[in-house]
Amino acid sequence: MRLPAALFCVAILPIVAVVSPAEALAQKPAEQPIDATQVMSAIDHGIAYLKRQQGPRGSWNELPGYDGGVTALCTLALINSGVPADDPVVSKAVDHLRSLDLDKTYTISLQTMVLCAADPKKDLLIIRRNVKWLEEHQIKEGQRKGAWSYPGPGGDNSNSQFAVLALYDAQHAGVDVSRDTWTLAANYWRSTQNDDGSWGYVPGDSGTGSMTCAGIGGLAVSTAALESGDASVEDGKVVCCRPHEVDDKLDRAVDWLATHFSVNHNPRPAGGGQACLYYYLYGLERAGRLTGRRFIGEHDWYREGAELLIREQDSLSHFWKGSWYAETKEWISTPMALLFLSKGRRPIVMAKLKYGDNDIWNQHRRDAAHLTEYTEDAWNLGLTWQVMDPTKASVEDLLQAPVLYISGSQAPNLLPQAQKLRDYVDRGGFIFAEACCKDSSRFDSGMRQLLTAVFPEPEYKLQPIPPGHPVWRMQDMVRPDSPYVGHLYGVEYGCRTCVVYCDQDLSCFWELARPGQWSHYPADVVQHITDALAIGVNVLTYATNREPKGKEQSFETPLAADAVNDKTSRGVIEIAKLRHGGGCNDAPGALLNLLRTASQGELKLQVRAAPDLINISDPSLFRYHLAFMHGRYDFHLTDAERTHLKEYLERGGTVLADSICASKPFATALRREISAALPGHAFERIPATDPIFTNAFGGYDIRNVSLRDPAAANGDNQPVAARIRQVTPEIEGIQLDHRWAVIFSPYDISCALESHEAVGCRGYIQQDAARIGLNVLLYTLNQ
């Protein structure tokens, strides 16, 4: 029997006549679904546990013969969990690791990954030294040529995956890795895959979950580092949309994982058990993330893994502890659990939409990955991306990604999904599209046809994006002579631009932007790549405001739209939305999102919106105890509307209004028209001590809220992030019979409720906007 690694377990579980830990775990009663708070709490508690276990030298308890291995693993987990490099615990650990002269694949690889994650510029000499060591110790001949091993002969998939991960991080940090090294590694992973798509510990072994994840990670990384991809530079000229080589090895490996999927044990069809569970989960996270998959088969791998880890975390000390070899050491299982939770929850910044036959949707297969990596560096934030099939995904699935990316040269076969895409945009989503390859005329006409189907209203027509739009400067300043100037089009929808379409090839140049490897191209090619990346990162920044949500945010199941609008409900609170001429539906999802929030969480109110806009003079207005209105422009009410509104308010109705993006024309018009409807009554600021701003009615204490001031450019014309101030709510009102009958925010609430805190928009942040709306709703129910 092959002995297991001292640091990571890989041995075969012996078959014994007892209930396995996996079976015992599987027999536990079903748990309630987890939420985002539980995920973040588990990470925070795990961080605190590891910090408490650090020794005075900056190290953690090491396994004999593997000095630095556990310390590097714990440090890597802390950094990836959001602990900054200058944190005293991390800083002390990194200093300790710098002092070590290591001589094993595992420990050198982990040391390299830590130094690349902490401050690679400071440690380039050590990183280069480690790269040289790994290259020299790669096996150069025999069946296992291209692998790495423990000291001595051999070679295995566990050592090899850590070597490849370290080399990739080093290359990303700017250290050259030999092409021969990558070639040997890629050929090793290809040649040692089992016929069923799996990998074992060494070539010829039956497949296991942990080693198949190692194979997926090793093959994905070495192939990405080695191949020129679907675009290249030949004789100084860029060649886009190169023919794809058929390689189904990654797909077959993911299919094997899907067939044998579990988060309760490390899948080992030739012999069950819970061997190396935490090591397997750390690999599972990598397999899902590197292949851009939210689902492996039918399994939401992150949700299922997070649910298990939250259940298995020790309730007192908050560590994780496995049952097999090194995983019985809490300071080994805990960092691997944290790596799964923290890296797996990385915010999805974009999802590439799959459509049509073959790969017409994916002509540059690494475009999204490279743009995401560039954005990670620009924002200094760990991010990820995914592939989504809109024919299989629900609107809620699509909303896991703040940006849907559509690329191609052929007409996108997405017309049957037009309503789904509209529903996605209505709930805060953003569409980013680009036409690639030499002849993209069919994509261009097809994309315009699709957008017309998504937005049939004439006011939402695709139009050129003007020079002053933030998308030209949100993160990187776009040059005036950039090849993309004059080729960006957008759809203005309510508070924001919700579509950006580029009719020139972006993805080809993202494909060329392999991290750490594109600066050697000719100067004009480097400039074109820089221009394309600037457009890409600016669009992502505009769409997300650098605040994409972690995957755990999706664990709170949103209320379906048909539930909100269910006309068969009984005892339901109905809210009207008032029609007027000042942009009465410019934030169409605001009220719906507020009511979704009211129906969830602690409140669980039975609420719904009127199915259509209500004319202020409509007699049905009296059915609604609360009416909502917002806008951006000047408007005027008729005498009949003023009279009807006055009667509605005097009979106990309430109006909640806000000025979209703090629009002064709308605010002026609202004050004028309400005052005309209620002569003798004037707007006044609602005092901060008013019960409406407290939890007196079962809501929230919002006496201190966050107000976002618009982003701008500084004196050097460089983008400046929006400023957030802590303020007391600036809400105005008119009282009738000692109650607030009109409640008006001159600062934006609606755009924030649409899940889009527009960068040029002065208003409350999303959480506070929702709480203001909920407090008003609860206030009206108690009058």
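What you see is a predicted model, and the numbers here were worked out from it, not measured in a lab.

Draft legend 1. Representation of the confidence of the model for the protein chain. Confidence along the protein chain averages 88 in pLDDT terms, with 90% of residues attaining 70 or more. Confidence drops under a pLDDT of 50 for residues 1–30, and excluding neighbours within four residues, the segment shows 68 contacts in the predicted structure. Note that residues 713–717 has pLDDT below 50 and, in this model, five contacts with residues that lie over four places away or in other chains.

Draft legend 2. Main features of the sheet that holds strand 10 (residues 488–493). As summarised here, the arrangement of the seven strands in space is 6-5-7-8-11-10-9, forming an open sheet in which the pairing is mixed. A strand with exactly one partner marks an edge of an open sheet, and here the two such strands are strand 6 (384–388) and strand 9 (463–464). Relative to strand 11 (residues 496–502), strand 8 (residues 430–435) runs parallel, the two being bridged by four bridges. Bridged to Glu434 within strand 11 is Cys502. Here helix 16 (residues 418–426) sits on the sheet and contacts strand 5 (348–353), strand 7 (403–408), strand 8, strand 10 and strand 11; the angle it forms with strand 8, its principal contact strand, is near 125°.

Draft legend 3. Fine view of the side chain of Ser210. Topologically, Ser210 is positioned in helix 9 (residues 209–226). At a separation of 3.5 Å, a polar atom in the side chain of Ser210 contacts the side chain of Thr208. Among residues more than four places away in sequence, those in contact with Ser210 are Asn266, Tyr279 and Tyr280.

Draft legend 4. Region of the structure containing the packing of aromatic side chains. Applying the stated criterion across every chain, the model contains 24 aromatic pairs. Ring geometry for Tyr188 against Trp189: centres 5.4 Å apart, planes inclined by 70°, an arrangement best described as edge-to-face. Each member of the pair, Tyr188 together with Trp189, is buried. A cation over a ring is seen here: Arg286 above Tyr282, with NZ or CZ 4.4 Å from the ring centre. Above the face of the Tyr489 ring, Arg448 is positioned so that its terminal group lies 4.9 Å from the ring centre.

Draft legend 5. Region of the structure containing the pairing of strand 22 (residues 732–736). For strand 22, the tally of buried residues reaches four of five residues, placing the bulk of the element in the interior. Of the strand pairs in this sheet, strand 22 and strand 23 (residues 739–745) are connected by five bridges, and their pairing is antiparallel. The residue bridging Ile734 from the neighbouring strand is Val742, located in strand 23. Between the antiparallel neighbours strand 22 and strand 23 lie two residues, among them Asp737 with a positive phi of about 50°.

What counts and how
Residues numbered from 1 in each chain as written. Predicted model: local features only at pLDDT ≥ 70, side-chain atom pairs only at ≥ 80, totals over all residues. Heavy atoms only, no water. pLDDT = per-residue confidence, 0-100. Contact = heavy atoms within 4.5 Å. Pairing = 2+ DSSP bridges. Helix = DSSP H or I, 4+ residues; strand = E, 2+ residues; numbered from the N terminus. Axes fitted to C-alpha atoms, helices over the stretch in contact; angles between N-to-C directions. Polar contact = N/O pair within 3.5 Å; in protein donor to acceptor, adjacent residues only side chain to side chain. Phe/Tyr/Trp six-rings, centres within 6.5 Å; stacked < 30°, edge-to-face > 60°. Buried < 20%, exposed > 50% of the residue type's maximum accessible area, 1.4 Å probe, protein only. Lys NZ or Arg CZ within 6 Å of the ring centre and 35° of its normal.

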